[in-house]
Amino acid sequence: MLEPKVWREAATQVFFALGLGFGGVIAFSSYNKRDNNCHFDAVLVSFINFFTSVLATLVVFAVLGFKANIINEKCVIQNSEKILKLLKAGNLSQDIIPHHINFSSITAEDYNLVYDIIQKVKEEEFDSLGLKSCQIEDELNKAVQGTGLAFIAFTEAMTHFPASPFWSVMFFLMLVNLGLGSMFGTIEGIITPIVDTFKVRKEILTVICCSLAFFIGLIFVQRSGNYFVTMFDDYSATLPLLIVVILENIAITRIYGIDKFMEDLKDMLGFSPSQYYYYMWKYVSPLVLLLLLVASIVQMGLSPPGYNAWIEDMHLE
């Protein structure tokens, strides 16, 4: 919780979920009527996003927990078979195994009990036995994020679901629709200001933008694509997005003027917005965002970017 990266990624997730900083929300809102109740829309979207995030969190951790439990069960079975082989070969004495242990239907608790006993009895020779602890906490603590979460952890867990082909198809259809839905807002944020400013044909500009994005996106499907995804996520989306949001806040509250902006809202809504928004926009939000930006830059300076490389000679040693 004390890592600046955690809070930066949390803020970025809010930006991505609500479409802040991309221009999509502003582009869509430009099509509203002047007297549209933007206050109600903003509150409604925020609450929908909150409950959607909670639901997604429950689903993600439920699936990861299911996957960790399946892997732990396999670990217990495989290592129980190793113990049986060691008992038959005479490397372990049957006397050290509790009488209630049944290796044909052993539980994780019983296996951990046997594992601890063998570790104490065979203290010096234990490493040569090749037994694993099979702790479910170890599986849960393995960091899975980004593309690894969607295309490895989830798909591996779904192979154990009843009617797994159906859930796999539904899952990848959801990913496709999620990606398309996100890109609609992003492309609209690019196209709308250009069309409004230069009066170009929207159809032609849309084709050009989509084609350009398609060809740029081809670098992500190479064998080294995951490195480009990580690089773009960390240095082309996360940090610049934080800077864009700060500049947007400064432009409204300091350059345009927060008092004038509040008057515009009153004229549009027909009532004065709460002073809560005034103080949050003018003081709290820019201060928190600036602290987050400074902490992120300091952390990036202390830990320069790098990547893990597969060096065959080192791994063979």
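Residues numbered from 1 in each chain as written. Predicted model: local features only at pLDDT ≥ 70, side-chain atom pairs only at ≥ 80, totals over all residues. Heavy atoms only, no water.

Looking at this structure, how should I read the environment of glutamate 73?
Topologically, glutamate 73 is positioned in helix 3 (residues 38-89). Between the alpha carbons of glutamate 73 and isoleucine 83 there is a distance of 15 Å; along the sequence they are 10 residues apart. (Helix = DSSP H or I, 4+ residues; strand = E, 2+ residues; numbered from the N terminus.)

I keep staring at the packing of helix 1 (residues 4-18) against helix 11 (residues 275-302) and nothing clicks. Help me out?
Geometry of a packed helix pair, given as the angle between the helix axes and the separation of the axes. Closest axis-to-axis distance for the helix 1/helix 11 pair is 9 Å, and the angle between their directions is 125 degrees. Between helix 1 and helix 11, the angle is such that the two are oblique. Relative to helix 11, the crossing made by helix 1 is left-handed. Note on element contacts: helix 11 touches helix 1 through Leu289, Leu292, Ala295, Ser296, Gln299 and Met300, opposite Pro4, Lys5, Trp7, Arg8, Ala11 and Phe15. Here the residues of the contact of helix 1 with helix 11 are counted per class, giving 8 nonpolar, 2 polar and 2 charged. (Axes fitted to C-alpha atoms, helices over the stretch in contact; angles between N-to-C directions. Parallel < 35°, antiparallel > 145°, perpendicular 65-115°, else oblique. Left-handed = near helix turned anticlockwise from the far one by under 90°. Contact = heavy atoms within 4.5 Å. Nonpolar A, V, L, I, M, F, W, Y, C, P; charged D, E, K, R; others polar.)

Any chance you could explain the side chain of lysine 122 here in plain terms?
With respect to the helices and strands, lysine 122 occurs in the loop between helix 4 (108-121) and helix 5 (126-129). A polar contact is formed between the side chain of lysine 122 and the backbone oxygen of asparagine 91, at a distance of 3.1 Å. (Polar contact = N/O pair within 3.5 Å; in protein donor to acceptor, adjacent residues only side chain to side chain.)

How do you make sense of the UniProt feature "binding site: Na(+) 1" (unreviewed entry) in the protein chain when you look at a structure like this?
Mapped onto this numbering, the UniProt entry gives "binding site: Na(+) 1" (unreviewed entry) at Leu178 and Ser182. Inspection of the secondary structure assignment puts leucine 178 in helix 8 (residues 164-198). Accessibility expressed as a relative area gives 53% for leucine 178, which makes it exposed. Relative to the helices and strands, serine 182 resides in helix 8. In terms of polar contacts, serine 182 uses its side chain to reach the backbone carbonyl oxygen of leucine 178, at 2.9 Å. (UniProt positions renumbered as here; feature names shortened; annotations may be inferred. Buried < 20%, exposed > 50% of the residue type's maximum accessible area, 1.4 Å probe, protein only.)

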